[in-house]
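# A closer look at the structure
Chain by chain, the residues:
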Amino acid sequence: MDKTKFKSRCYLIILLAVFIAAWQMLAEKGLINPLFFSSPKQVFKDMAEMFSTGYILPHIGITLYAAFIGLFYGIVLGTATALIVGNNRVLAHILEPVFVGIHGLPLLALGPLFVVWFGIGIKSKIFMATISVFFLVFFNIYAGFKDVDIQLIQTLKLMRAGRMQLMAKVILPSCIPWLIASLKAGVGAAVLGAIVGEYLGATAGLGWVIQSAGGYYNITRVIACVIILMVIMFVLNAVVSWIDRKVLKWRPSIDK
């Protein structure tokens, strides 16, 4: 780790420590209402209890299962659709505005339909995660497809390269950075889709725990689950960043 990153991490740790200390002090002195803001001691105590009893682990597993399955389907379907649409101008003119319109709809507006169609089980959560990832991947890969060096394609065509050769040698390698960017954004989108699905109708999952705790005004548990989600997203982002470095190690970095 270089000096800049090390300093940034130190500043972040200091900032978090100051925030937690100030939060605890305000709660103890009664300057904030614990009913609405809880306190770090209560939150960490609740987290320790949920993990020690094993209560939260099945809920984390259900949410991550729906998110990962949705991420896989979203990446596969989004990539395949982008490549098919990119190779057909007529299809592109038909589907691009349709996808733009659907992508602009709030997921919460479509959620009740998915719950009715697929039930309150895991299928509706997977579908919502898939939809969330699909459009991110489609638009990124489609943009990467259109960003391919046209002169290189023309040169290979002069050398009598076939469509499959162009796809394998030029288009797909050119789309890899866009796919990695989609993966970074898609991880968060998949988890968000699963959480929203659990909010709308579920019997388990982190989203259900948060929604249930909020219904009983258990702010401590809500904040504890939010922190757990933040830690999960931090770990997943670190994994994706590691994949990015390994897959795109040939790409020059601007980090100093």
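Please refer to the structure placed before this passage.
These lines cover the structure that appears in this document, whether it is placed above or below. Everything numeric in this text was worked out from a predicted model, so none of it was measured.

## So, the overall build of the protein chain
Across its full length, the protein chain holds 11 helices and zero strands. Listed N to C, the secondary structure of the protein chain is α-α-α-α-α-α-α-α-α-α-α in terms of helices and strands. The buried share of the protein chain, taken over its 256 residues, is 37%. In the protein chain, once contacts between residues fewer than 6 apart in sequence are set aside, the share between residues at least 24 apart is 74%.

## Quick notes on the packing of aromatic side chains
By the definition in use, this model includes 10 aromatic pairs. An angle of 35° between the planes, with centres 4.7 Å apart, marks the rings of Phe118 and Phe127 as tilted. Of the residues examined, Phe118 reaches a relative accessible area of 33% and is grouped as partly exposed. Among the residues examined, Phe127 registers a relative accessible area of 29% and is labelled partly exposed.

## Quick notes on the side chain of Thr79
Mapped onto the fold, Thr79 is located in helix H4 (residues 56-86). With near-sequence residues (within four places) excluded, Thr79 lies in contact with Gly74, Val137, Ile141 and Leu179.

## Regarding the layout of surface pockets
Any empty space left between atoms is shown by rolling a water-sized probe over those atoms. Computed from the structure, the largest pocket encloses a volume of approximately 700 Å³. Lining the largest pocket are 19 residues; nearest its centre among them are Leu12, Leu16, Met230, Val231 and Phe234. Among the secondary structure elements, those contributing two or more residues to the lining of the largest pocket are helix H1 (3-28), helix H3 (40-52) and helix H11 (219-247). For the lining of the largest pocket, the element with the most residues is H11, which contributes 10 residues.

## Observations regarding a nonpolar patch on the surface
A cluster of nonpolar side chains, Leu12, Leu16, Phe19, Ile20 and Phe44, forms an exposed patch at the surface whose accessible area comes to about 470 Å². For the nonpolar patch, the element with the most residues is H1, which contributes four residues. The residue Phe19 is located in helix H1 in this model.

## A few points about the pattern of salt bridges
Once their charged atoms are close, side chains differing in charge can pair, the charge on each being opposite to the other. Taken as a whole and assessed by the stated rule, the structure comprises two salt bridges. Residue Lys41 pairs with Glu28 through a salt bridge whose shortest N-O separation is 3.5 Å. Of this pair, Lys41 sits in helix H3 while Glu28 sits in helix H1; the two residues are 13 residues apart in sequence, bridging distant segments of the chain. Residue Lys41 is classed as exposed on the basis of its relative accessible area of 53%. A salt bridge links Asp46 to Arg221, with the shortest nitrogen-to-oxygen separation between them at 2.8 Å. Taken together, the residues span a long stretch of sequence, with Asp46 in helix H3 and Arg221 in helix H11 at a distance of 175 residues. Just as Asp46 is buried, Arg221 falls in that class too.

## Regarding the nonpolar core
Residues Ile56, Ile60, Leu71, Val133, Leu206, Ile228 and Ile232 are the most contacted members of the largest nonpolar core, which totals 48 residues. The contacts of Ile60, once residues within four sequence positions are left out, are Phe51, Leu206, Ile228 and Ile232.

## Structural notes on the packing of helix H6 (residues 107-118) against helix H7 (residues 122-146)
For any two helices packed against each other, the geometry is given by the interaxial angle and the distance between the axes. Closest axis-to-axis distance for the H6/H7 pair is 9 Å, and the angle between their directions is 140°. Note that H6 runs across H7; the crossing there is right-handed. Residue-level contacts link Leu107, Gly111, Phe114, Val115 and Phe118 of H6 to Lys123, Ser124, Phe127, Met128, Ile131 and Ser132 of H7. For the contact of H6 with H7, the residue count by class is seven nonpolar, three polar and one charged.

## Focus: a positive patch on the surface
The grouping of Lys5, Arg9, Arg245 and Lys246 at the surface amounts to a positive patch. Elements with a minimum of two residues in the positive patch: H1 and H11. Given a relative accessible area of 53%, Arg245 falls into the exposed group.

Thresholds applied
- Residues numbered from 1 in each chain as written.
- Predicted model: local features only at pLDDT ≥ 70, side-chain atom pairs only at ≥ 80, totals over all residues.
- Heavy atoms only, no water.
- Helix = DSSP H or I, 4+ residues; strand = E, 2+ residues; numbered from the N terminus.
- Buried < 20%, exposed > 50% of the residue type's maximum accessible area, 1.4 Å probe, protein only.
- Contact = heavy atoms within 4.5 Å.
- Phe/Tyr/Trp six-rings, centres within 6.5 Å; stacked < 30°, edge-to-face > 60°.
- 1 Å grid on protein atoms, 1.4 Å probe; cavity = no way out; pocket = protein on both sides within 12 Å on 5 of 7 lines; lining within 4 Å.
- Points joined across faces, edges and corners; volume = space filled by probe spheres on them.
- Patch = residues over 30% accessible without salt bridge, like charges linked within 9 Å, V, L, I, M, F, W, Y side chains within 5 Å.
- Areas by Shrake-Rupley, 256 points an atom, 1.4 Å probe, with all protein chains shown as cover.
- Salt bridge = Lys/Arg side-chain N within 4 Å of Asp/Glu carboxyl O.
- Core = buried A, V, L, I, M, F, W, Y, C linked by side-chain atoms within 4.5 Å.
- Axes fitted to C-alpha atoms, helices over the stretch in contact; angles between N-to-C directions.
- Left-handed = near helix turned anticlockwise from the far one by under 90°.
- Nonpolar A, V, L, I, M, F, W, Y, C, P; charged D, E, K, R; others polar.
- Lys, Arg positive; Asp, Glu negative; His and termini not counted.
- Charge placed at Lys NZ, Arg CZ, Asp CG, Glu CD.

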